[in-house]
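In case you want the letters, here they are:
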Amino acid sequence: MPELYFHVRWPGGETQRCYSPSTVIEDYLATGGVYELDDFVERSRTALRIASDRVREKYGFACTRASGQLALIEETAAAYASLGGAKVTVEALHNADGSTR
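Residues numbered from 1 in each chain as written. Predicted model: local features only at pLDDT ≥ 70, side-chain atom pairs only at ≥ 80, totals over all residues. Heavy atoms only, no water.

A.B. asks: Hey, could you run me through the pairing of strand β1 (residues 4-9) in this one?
C.D. replies: Consecutive side chains of a regular strand alternate in pointing toward one face of the sheet and then the other. As paired strands, β1 and strand β2 (residues 15-20) are joined by six bridges and run antiparallel to one another. When the bridges of β2 are listed, R9 appears paired with T15. Count of turn residues in the β1/β2 antiparallel hairpin: five residues, of which G13 carries a positive phi of about 100°. Bridge analysis of β1 against strand β4 (residues 87-95) gives six bridges, and the strand direction is antiparallel. Across the sheet, the residue bridging to F6 is L93, located in β4. (Pairing = 2+ DSSP bridges. Helix = DSSP H or I, 4+ residues; strand = E, 2+ residues; numbered from the N terminus.)

And the structure:
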């Protein structure tokens with residue numbers, strides 16, 4: 001499966017390198033995209049579930065790394081839930097070899 005990494009900047013300024021086992025993430029997030037916190041979490045949730053399902057279809061088991069990544073996104077987002085107008089920026093999308101999408 002074509003792995004993809006998406007680099008995000010959280011409302012507090014810290015960055016995080018996130019993993020997707022599929023390029024489906026590109027259907028939900030774009031480089032330079034700025035998303036309301038809840039919207040970012042929902043887009044990530046949808047994309048990572050689809051990606052995990054694609055792994056299941058191909059290999060017969062779900063991608064635990066995708067579910068772990070989603071849990072980390074949800075945990076990080078929870079820290080900003082009380083901030084009004086919190087936004088997440090997608091800084092980059094990279095292939096597994098580090099090349100830019």
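A.B. asks: Which parts of the structure should I look at to understand the nonpolar core?
C.D. replies: Generally speaking, nonpolar side chains in soluble globular proteins are found buried as a group. Grouped together as the largest cluster of nonpolar side chains are 26 residues, with contacts concentrated most on F6, V8, W10, F40 and I73. Those elements giving two or more residues to this core turn out to be β1, β2, α1 (37-59), α2 (64-78) and β4. The biggest single contributor to this core is α1, with six residues. Excluding anything up to four places from it in sequence, F40 contacts F6, V8, W10, L29, Y35, I73, V88 and V90. (Core = buried A, V, L, I, M, F, W, Y, C linked by side-chain atoms within 4.5 Å. Buried < 20%, exposed > 50% of the residue type's maximum accessible area, 1.4 Å probe, protein only. Contact = heavy atoms within 4.5 Å.)

A.B. asks: Would you explain the sheet that holds strand β3 (residues 34-36) in this entry?
C.D. replies: Sheet strands line up and pair through hydrogen bonds in the backbone, either parallel or antiparallel. Judged by pairing direction, the sheet is antiparallel, and its four strands sit side by side in the order β2-β1-β4-β3 without closing on themselves. A strand with exactly one partner marks an edge of an open sheet, and here the two such strands are β2 and β3. Taken pair by pair, the neighbouring strands of this sheet meet at an average axis angle of 35°, ignoring direction. As paired elements, β3 and β4 share three bridges and run antiparallel to each other. Within β4, the residue paired with Y35 across the bridge is V88. Packing of α1 onto the sheet brings it into contact with β1, β2, β3 and β4, and relative to β3 it is tilted by some 100°. Where α2 meets the sheet, its contacts fall on β1 and β2, and the angle it forms with β2 comes to roughly 150°. (Axes fitted to C-alpha atoms, helices over the stretch in contact; angles between N-to-C directions.)

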